Amino acid sequence: MKTNIVLIGFMGSGKTTIGIRLAYKLKYLFIDTDKKIEEEMGISINEIFRIYGEQYFRNLEKTFIKKLSNSNKQVIATGGGIIKNKQNIEELKSKGIIIYLNASPEHIYNNIKDDDSRPLLQVENKMETIQSILNERKFLYEEFADIIIDISYNQVDEITQIIIDKLGGKIF
Ligand code: S3P
């Protein structure tokens, strides 16, 4: 039985917030791939992009996903671009159940509009950029997901419960 839970989805869709809550409720370990990369590098994602560029960050992501332990009972919140690399998804699928947190562009915009921690969204027109990246990626999120959860209309606790209900017998 696969007992890790992997959260995928666009920036600002609540993977970290919901992941922490879900891990707490299930008594699982919470892992945030972005946080781990920042810890390993000793600098922020913004700085990694600025100093080394996006491709370098994608390689760090890939290396981290490969190294992720095969332990059970982990909730893994991934960076929004994790699905750009098929190998990442294959690794993650072999370790757990993939849940796509599906958020509307408006919801994403509201969540990130005052947050400058995301290099790809440090642009003039944030909404347009969100829509355009989401258009490129949406089908990948959907294709790789075992479960899709619409998160635009519920609070964190409700979403967490919906996820637990949907997981049903798939976890212990
Ligand atoms: C990215 C999402 C970010 C972070 C980096 C790139 C992306 O993570 O990995 O800024 O390409 O969507 P969050 O989804 O946690 O914001």
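Look above for the structure.
Quick notes on the rules
Residues numbered from 1 in each chain as written. Predicted model: local features only at pLDDT ≥ 70, side-chain atom pairs only at ≥ 80, totals over all residues. Heavy atoms only, no water. Helix = DSSP H or I, 4+ residues; strand = E, 2+ residues; numbered from the N terminus. Rg over C-alpha atoms; globule rule 2.2 N^0.38 Å. Buried < 20%, exposed > 50% of the residue type's maximum accessible area, 1.4 Å probe, protein only. Pairing = 2+ DSSP bridges. Axes fitted to C-alpha atoms, helices over the stretch in contact; angles between N-to-C directions. Near = heavy atom within 4 Å. Polar contact = N/O pair within 3.5 Å; in protein donor to acceptor, adjacent residues only side chain to side chain. Areas by Shrake-Rupley, 256 points an atom, 1.4 Å probe, with all protein chains shown as cover. Nonpolar A, V, L, I, M, F, W, Y, C, P; charged D, E, K, R; others polar. Phe/Tyr/Trp six-rings, centres within 6.5 Å; stacked < 30°, edge-to-face > 60°. Salt bridge = Lys/Arg side-chain N within 4 Å of Asp/Glu carboxyl O. Contact = heavy atoms within 4.5 Å.

K.L.:
Could you clarify how one ought to interpret the overall build of the protein chain in this entry?
P.N.:
When helices and strands are tallied, the protein chain shows 8 helices and 5 strands. Written out in order from the N terminus, the α and β elements of the protein chain read β-α-β-α-α-α-β-α-β-α-α-β-α. A compact globule built from 172 residues should have a C-alpha radius of gyration of about 16 Å, and the protein chain, at 15 Å, falls within 12% of that. Across its three principal directions, the C-alpha atoms of the protein chain cover 45 × 35 × 25 Å. Buried residues in the protein chain amount to 46% of all 172 residues.

K.L.:
Help me understand the sheet that holds strand 1 (residues 4-8), please; the structure alone is not making it clear to me.
P.N.:
Hydrogen bonding along the main chain pairs the strands of a sheet, whether they run parallel or antiparallel. With parallel pairing, the 5 strands of this open sheet are ordered in space as 2-3-1-4-5. The sheet terminates laterally at strand 2 (29-32) and strand 5 (147-150), the two strands that pair on one side only. Within the sheet, the average angular offset between the axes of one strand and its neighbour, ignoring direction, is 20°. In this structure, strand 4 (residues 96-102) lies alongside strand 5, joined through 4 bridges in parallel fashion.

K.L.:
Explain the site of the ligand to me, please; I cannot follow it from the model alone.
P.N.:
Residues in close proximity to the ligand total 13 residues, the closest being K15, D34, R58, R118 and R137. G80 is positioned with one of its backbone polar atoms (N or O) 2.8 Å from an oxygen atom of the ligand. For the ligand, an oxygen atom lies 2.5 Å from a polar atom in the side chain of R118. Across the complex, the protein chains shield 95% of the 380 Å² of accessible surface that the ligand would expose by itself. Looking at the shell around the ligand, its residues break down into 5 nonpolar, 3 polar and 5 charged.

K.L.:
Would you mind going over unusual backbone geometry with me for this structure?
P.N.:
Most peptide bonds adopt trans geometry, and most residues besides glycine take a negative phi value. Within the chain, K27 stands out as a residue other than glycine whose phi angle is a positive 60°. Mapped onto the secondary structure, K27 falls in the loop between helix 1 (15-26) and strand 2. By relative accessible area, which is 72% here, K27 ends up exposed. Backbone geometry places K73, a non-glycine residue, at a positive phi of 60°.

K.L.:
Sorry, what's going on with the packing of aromatic side chains here?
P.N.:
Each aromatic ring pair is summarised here by two numbers: the centre-to-centre distance and the angle between the ring planes. Considering all chains together, one arrives at 3 aromatic pairs under this definition. Centroid distance F49 to F57: 5.1 Å. Interplanar angle 45°. Geometry classified as tilted. In this pair, the class of F49 matches that of F57, namely buried. Aromatic pair Y52 and Y56: ring centres 4.5 Å apart, planes at 20°, arrangement stacked.

K.L.:
Hey, could you run me through the pattern of salt bridges in this one?
P.N.:
Counted by the stated rule, this structure contains 10 salt bridges. In this structure, K35 engages E38 in a salt bridge whose closest nitrogen and oxygen atoms are separated by 4.0 Å. Placement of both K35 and E38 in helix 2 (residues 33-41) is noted, with a separation of 3 residues, approximately one turn of the helix. Under the relative-accessibility criterion, K35 is labelled partly exposed at 47%. On the basis of relative accessible area, E38 is assigned to the partly exposed category, the value being 22%.

K.L.:
Any chance you could explain helix 2 here in plain terms?
P.N.:
Because each turn of an α-helix spans 3.6 residues, side chains separated by three or four positions in sequence point in the same direction. N-capping of helix 2 is provided by D32, with a side-chain oxygen placed 3.1 Å from the backbone N of D34. The positive-phi residue at the C-terminal boundary of helix 2 is G42, with phi of around 75°.

K.L.:
Honestly, the environment of I99 in this entry has me stumped. Any pointers?
P.N.:
Within the secondary structure, I99 sits in strand 4. A sequence separation of 70 residues divides I99 from G169, and the C-alpha atoms of the two residues are 15 Å apart. Apart from residues no more than four positions distant in its own chain, I99 is found in contact with I5, V6, L7, I8, I147, I149, I163 and L167.

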